[in-house]
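Architecture and fold: a report
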Amino acid sequence: QIDTDNPPTFTGRLFAGIKYGKDNHNVAVSIAIRTTDKRVFVETLDCRPIAQGNGWIIDFLKSADVEKIVIDGANGQSLLVQEMKDFGVRKKPVLPKVIEVIEANASFTQAISSKTVCHAGQPSLKNAVCNCDTRTVQSNGGFGYKSQKDDIDVSLLDSAILAYWACSKAKTGAKQRISY
């Protein structure tokens, strides 16, 4: 959690993580951005019922300066991708493979331990993080997250993990040095 009296300074562009929940009820959107002190700041924008449509997601993606968009959840990916094309969102989204989602979960867990990820203490995100367990993904040690309670939607956490993963993997523009 960040110190809200002395918030970090952000640098670079936004990265968006979109997760369609496994229960086919909700879709969550989170963002991530680098800070000048080399951490990644994550924030959940919203989690809404899938039945409300993707218009709110499209509106955000069209208005924000997003570097990369990651979308996970077979129950909504293809529909959102088509709507992005139809409504003029120019960024081609990343549709992660299972192995990449496993990598994202592992890197996020390491970032928590090393304190290289930060957030503003959003109650909904804290609630999702504090009320989840790991679940096995594939048989080679991969893991994801599942809710401990029926009324807690882990897609909030999953979307933040996807945004974090995209941001942390992005190349930072190193300043070019020219000497003669």
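Residues numbered from 1 in each chain as written. Predicted model: local features only at pLDDT ≥ 70, side-chain atom pairs only at ≥ 80, totals over all residues. Heavy atoms only, no water.

Side note on the side chain of Asn26
Following the sequence through the fold, Asn26 ends up in strand 2 (residues 26-35). At a separation of 2.7 Å, a polar atom in the side chain of Asn26 contacts the side chain of Asp153. The contact partners of Asn26, leaving out residues within four places of it in the chain, are Lys19, Tyr20, Gly21, Cys47, Arg48, Pro49, Ile50, Asp153 and Ser155. (Helix = DSSP H or I, 4+ residues; strand = E, 2+ residues; numbered from the N terminus. Polar contact = N/O pair within 3.5 Å; in protein donor to acceptor, adjacent residues only side chain to side chain. Contact = heavy atoms within 4.5 Å.)

Section: the side chain of Asp72
Topologically, Asp72 is positioned in strand 4 (residues 66-72). Polar contacts involving the side chain of Asp72 include one to the side chain of Lys19, which spans 3.0 Å.

With respect to the layout of surface pockets
Of the pockets and cavities examined, the largest pocket occupies roughly 320 Å³. If you go around the largest pocket, you meet 13 residues; those closest to its centre are Thr11, Gly12, Arg34, Thr35 and Thr172. Mapped onto the lining of the largest pocket, the elements with two or more residues apiece are strand 1 (10-20) and strand 2. Looking at the lining of the largest pocket, the element that brings in the most residues is strand 1, giving 4 residues. The residue makeup of the lining of the largest pocket, split by class, is 3 nonpolar, 5 polar and 5 charged. (1 Å grid on protein atoms, 1.4 Å probe; cavity = no way out; pocket = protein on both sides within 12 Å on 5 of 7 lines; lining within 4 Å. Points joined across faces, edges and corners; volume = space filled by probe spheres on them. Nonpolar A, V, L, I, M, F, W, Y, C, P; charged D, E, K, R; others polar.)

Some remarks on the pattern of salt bridges
Here the structure, examined in full by the defined rule, presents 6 salt bridges. Asp37 is the salt-bridge partner of Arg39, the closest N and O atoms lying 3.0 Å from each other. Overall, Asp37 belongs to the partly exposed group, its relative accessible area being 42%. Salt bridges sharing partners connect three or more residues here, namely Arg13, Asp65 and Glu67. (Salt bridge = Lys/Arg side-chain N within 4 Å of Asp/Glu carboxyl O. Buried < 20%, exposed > 50% of the residue type's maximum accessible area, 1.4 Å probe, protein only.)

Some thoughts on the sheet that holds strand 4
With mixed pairing, 5 strands are arranged side by side in an open sheet as 4-1-2-3-5. In this open sheet, the two edge strands, each paired with only one partner strand, are strand 4 and strand 5 (117-118). The pairing of strand 1 with strand 2 spans 8 bridges and is antiparallel. Counted as the bridge partner of Lys19 is Ala28 from strand 2. Seen against the sheet, helix 5 (residues 155-169) touches strand 1, strand 2, strand 3 (40-49), strand 4 and strand 5 and runs at an angle of roughly 35 degrees to strand 2. (Pairing = 2+ DSSP bridges. Axes fitted to C-alpha atoms, helices over the stretch in contact; angles between N-to-C directions.)

Regarding the packing of helix 3 (residues 98-114) against helix 5
Put simply, helix 3 and helix 5 touch, their axes get as near as 9 Å, and they point 85 degrees apart. Taken as axis vectors, helix 3 and helix 5 run roughly perpendicular relative to one another. Residues Glu100, Glu103, Ala104, Asn105, Ser107, Phe108 and Ala111 of helix 3 form the contact with helix 5, whose participating residues are Leu157, Ile161, Tyr164, Trp165 and Lys169. Its residues placed into classes, the contact of helix 3 with helix 5 shows 7 nonpolar, 2 polar and 3 charged. (Parallel < 35°, antiparallel > 145°, perpendicular 65-115°, else oblique.)

Notes on the pairing of strand 4
For strand 4, a buried count of 5 out of 7 residues is recorded, marking the element as mostly surrounded by other parts of the structure. As defined by bridge partners, strand 1 adjoins strand 4 across 6 bridges and the pair is classed as parallel. Along strand 4, the bridge assignment pairs Ile18 with Ile71.

Overview of the environment of Asn127
Among the structural elements, Asn127 can be located in helix 4 (residues 123-130). In the structure, Asn127 is positioned 26 residues away from Asp153 in sequence and 9.1 Å away in space, judged by C-alpha atoms.

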